[in-house]
Amino acid sequence: MGNIAGVGFVLMGIGVLLCFANSGGFVKFVKLRNLERHGVEGEAVSDLQEWISSGHRVYYHIRIPGASLQDPPPQFIEVGPEPRGPVGTVVPVVYDRRKPKRAKTGSLAEIDSSEERGMVVFFWAPGLALIAVGAVLAIFFY
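Below you will find a few notes about this structure.

Strands sit in the order β3-β2-β1-β4-β5 across an open sheet of 5 strands; the sheet is antiparallel. Of all strands in the sheet, those bounded by a partner on one side alone are β3 (75-80) and β5 (103-105). Strand-to-strand twist in this sheet, taken as the mean axis angle between neighbours without regard to direction, amounts to 40°. The sheet contact formed by strand β2 (residues 55-63) and β3 spans 6 bridges and is antiparallel. Looking at the pairing, H56 lines up with G80 of β3.

Below, the discussion takes up the packing of aromatic side chains. Two numbers describe a pair of aromatic rings. These are the distance of the centres and the angle of the planes. If you walk through the whole model with that rule in mind, you get 4 aromatic pairs. Note on F122 and F123: the rings are 5.3 Å apart at their centroids and 90° apart in plane angle, and the pair reads as edge-to-face. On the accessibility criterion, F122 (57% relative accessible area) is exposed.

Note that S46 resides in strand β1 (residues 39-52). For S46, a relative accessible area of 3% gives the class buried. Among the polar contacts made by the side chain of S46, one reaches the main-chain carbonyl oxygen of P86 at a distance of 3.2 Å. Residue contacts for S46: discarding those within four places in its chain leaves V58, Y59, Y60, P86, V87, G88 and T89.

Let us now look at the packing of helix α1 (residues 2-21) against helix α3 (residues 114-141). It is the contact of α1 with α3, at a shortest axis distance of 7 Å, that shows an interaxial angle of 155°. In terms of their interaxial angle, α1 and α3 are classed as roughly antiparallel. Note on packing geometry: the crossing formed by α1 with α3 is left-handed. Partitioning the contact of α1 with α3 into residue classes produces 22 nonpolar, 5 polar and no charged.

What follows deals with the packing of helix α2 (residues 23-38) against α3. Contact geometry of α2 with α3 gives a least axis separation of 9 Å together with a crossing angle of 135°. Considering the angle they form, α2 stands oblique to α3. The handedness of the crossing between α2 and α3 is left-handed. Contacts between α2 and α3 involve S23, G25, F26, K28, F29 and L32 on the former and, on the latter, E116, R117, V120 and W124. Taken together, the residues of the contact of α2 with α3 break down into 5 nonpolar, 2 polar and 3 charged.

The rules behind each value
Residues numbered from 1 in each chain as written. Predicted model: local features only at pLDDT ≥ 70, side-chain atom pairs only at ≥ 80, totals over all residues. Heavy atoms only, no water. Pairing = 2+ DSSP bridges. Helix = DSSP H or I, 4+ residues; strand = E, 2+ residues; numbered from the N terminus. Axes fitted to C-alpha atoms, helices over the stretch in contact; angles between N-to-C directions. Phe/Tyr/Trp six-rings, centres within 6.5 Å; stacked < 30°, edge-to-face > 60°. Buried < 20%, exposed > 50% of the residue type's maximum accessible area, 1.4 Å probe, protein only. Polar contact = N/O pair within 3.5 Å; in protein donor to acceptor, adjacent residues only side chain to side chain. Contact = heavy atoms within 4.5 Å. Parallel < 35°, antiparallel > 145°, perpendicular 65-115°, else oblique. Left-handed = near helix turned anticlockwise from the far one by under 90°. Nonpolar A, V, L, I, M, F, W, Y, C, P; charged D, E, K, R; others polar.

Take it as geometry only, folks, not as evidence of what the structure does.
Given below as structure tokens:
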């Protein structure tokens, strides 16, 4: 009976590793899905651009219509291959009205979470299934 419980613990470990392998993709998918559902189009202004090994890191602040001048504007960072212009350039942005720091440059039509969704399903469905099967084996045969 102990061997079956050991197999359950191993299956749970493999499941956790599968889920952990795509944890960054899961976070990106959730962000894109929230922007698709709750996103509002607006404008952002680039404050700073840095060159990094994977491209450019650009710091933006969002112009929210009707916001008071005393409140600091929400800021977000975008990492990508090429900035959309020099510092101070106004670019279109989609932001979540509930949490404006959750934003992405571009328009609502350009946001597509289907690519990330495929990878999340590919890793997380078997990972969660292995965790569940492993837990059942470990509980019943330990």
